[in-house]
Amino acid sequence: KKIKYIRFPFPRGGKIGSLEIPGGRMLSCPHMEPKTPGIHRILVVKLSALGDILHALPVISYLRRAAPAAEVHWAVDASFAEILAGNPGIARVVPLPIRDWKGKAGSPATWREARHAVRALRREGYDAAFDIQGNIKSGLVTWLSGAPARVGFDREGVRESPNLLFTNRKVRSLPEDRHISRKY
C-alpha cells in the first residue's frame, strides 16, 4: 500500500490503558472489548529524535489491534518523514517542517506556513491524538490537531511539564516504563 502524505501549501517550499471518547466510544487495550467502531482517524505525534521514533513504532501495531478500522496518521518533523514511509500500519505521514521553523518564529512566512499546517491537520478530523513525545512542541501539535481526545503521559511521563496543558487524557507512567522502548 502506497503511503499518502498530507501536502501543505507552503509558500516557500506499551501501555496506553483505556480511554473513553466523547459520545460513549471506547479506545481500549488490545485485550479489552469492545473494539473501537467509532474511531475513524487517529493521529500519533512523535516529531523527532530518530531513535525515539524507531522505539515508538510498536504503537502502530497496538493501535491497529485496538482500532482495526481506523486510519492511523503520524505527525513527524519533515526531516524524519521518510523513516515512516512505507509502514503498512500508517495510512498517512504528516511531515511538519519544525526544524525549518525553529529560529524563524518571528517571520511572517513561518506563521503563514504554521497556519496552513494547522488547517490541514484540522481538516483531517481526528477522533483521537496520542502525544507520545511529551514535550511542548508535540503537545502543541496534539492540541492544534483539534482531536476531541488528546492523550498524553502524566506528570511523571512527560519530558516537559507544560506539555500537560495540551492533553485532556493522561496515561499513568509505570516504573517499568522508564526505558523509552517500554513506555509505549
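A quick note: this is a predicted structure, and the numbers were derived from the prediction, not measured.

Conventions adopted
Residues numbered from 1 in each chain as written. Predicted model: local features only at pLDDT ≥ 70, side-chain atom pairs only at ≥ 80, totals over all residues. Heavy atoms only, no water. Helix = DSSP H or I, 4+ residues; strand = E, 2+ residues; numbered from the N terminus. Buried < 20%, exposed > 50% of the residue type's maximum accessible area, 1.4 Å probe, protein only. Areas by Shrake-Rupley, 256 points an atom, 1.4 Å probe, with all protein chains shown as cover. Phe/Tyr/Trp six-rings, centres within 6.5 Å; stacked < 30°, edge-to-face > 60°. Arc of directions from axis to C-beta. Polar contact = N/O pair within 3.5 Å; in protein donor to acceptor, adjacent residues only side chain to side chain. Contact = heavy atoms within 4.5 Å. Core = buried A, V, L, I, M, F, W, Y, C linked by side-chain atoms within 4.5 Å.

This part covers the overall build of the protein. Counting its regular elements, the protein contains seven helices and nine strands. The buried share of the protein, reckoned over its 184 residues, is 49%. Summed over all atoms, the accessible surface of the protein reaches about 9,100 Å², with 57% contributed by carbon and sulfur.

Overall, the coordinates contain one aromatic pair when judged by the stated rule. Judged by centre distance (6.2 Å) and plane angle (50°), the ring pair of W143 and F166 falls under tilted. One end of the pair, W143, is in helix α6 (residues 136–144); the other, F166, is in the loop between β8 (149–153) and β9 (169–171), with 23 residues separating them in the sequence. The exposure class of F166 is buried, given its relative accessible area of 16%.

Before going further, it helps to spend a moment on the environment of S61. Along the chain, S61 falls in helix α2 (residues 58–66). The class for S61 is partly exposed, based on a relative accessible area of 40%. Along the sequence, S61 and I90 sit 29 residues apart, while their C-alpha atoms lie 9.6 Å from each other.

Let's shift gears to α2. For α2, every residue scored as buried is listed here: V59, I60, Y62, L63 and A66. Viewed end-on, α2 has its buried residues packed into an arc of 160°, placing them on one side of the element.

This brings us to unusual backbone geometry. Notably, A49 is not glycine yet its phi reads approximately 75°, a positive angle. For A49, the location among the structural elements is in the loop between β4 (41–45) and α1 (50–56). Its relative accessible area of 30% is what places A49 among the partly exposed residues.

By secondary structure assignment, the location of H73 is in strand β5 (residues 71–77). Here the side chain of H73 touches Y126 through a polar contact of 2.9 Å, side chain to side chain. Aside from chain neighbours lying at most four places away, what touches H73 is R41, I42, L43, V44, A91, R92, V94, E124 and Y126.

Let us look at the nonpolar core. Counting 29 residues, the largest nonpolar core has V44, L63, W74 and V76 as its most contacted members. For this core, the secondary structure elements donating two or more residues are β4, α1, α2, β5, α3 (81–84), β7 (128–131) and β8. With five residues, the single largest contributor to this core is α2. Once residues within four sequence positions are removed from consideration, L63 is found in contact with I42, V44, P68, V72 and F130. L47, L96, W101 and L121 belong to the second largest nonpolar core, which has 14 residues in total.

Next up on the list: α6. All buried positions along α6 are accounted for by S138, G139, V141 and T142. The arc that holds every buried residue of α6, seen down its axis, measures 160°, which confines them to one face. Those residues of α6 that are buried are in contact with β4, β5, β6 (92–96), α5 (108–123), β7 and β8. Residue N135 occupies the N-cap position of α6, its side-chain oxygen lying 3.2 Å from the main-chain nitrogen of K137. Taken from the residues just after α6, G146 is the one with a positive phi, measuring 80°.

Moving on to the environment of V141. Following the sequence through the fold, V141 ends up in helix α6. The buried category is assigned to V141, whose relative accessible area is 8%. Along the sequence, V141 and L96 sit 45 residues apart, while their C-alpha atoms lie 9.5 Å from each other.

Attention shifts here to the side chain of S145. Its place among the elements puts S145 in the loop between α6 and β8. For S145, a relative accessible area of 1% corresponds to the buried category. A polar atom in the side chain of S145 sits 3.2 Å from the backbone nitrogen of A147.

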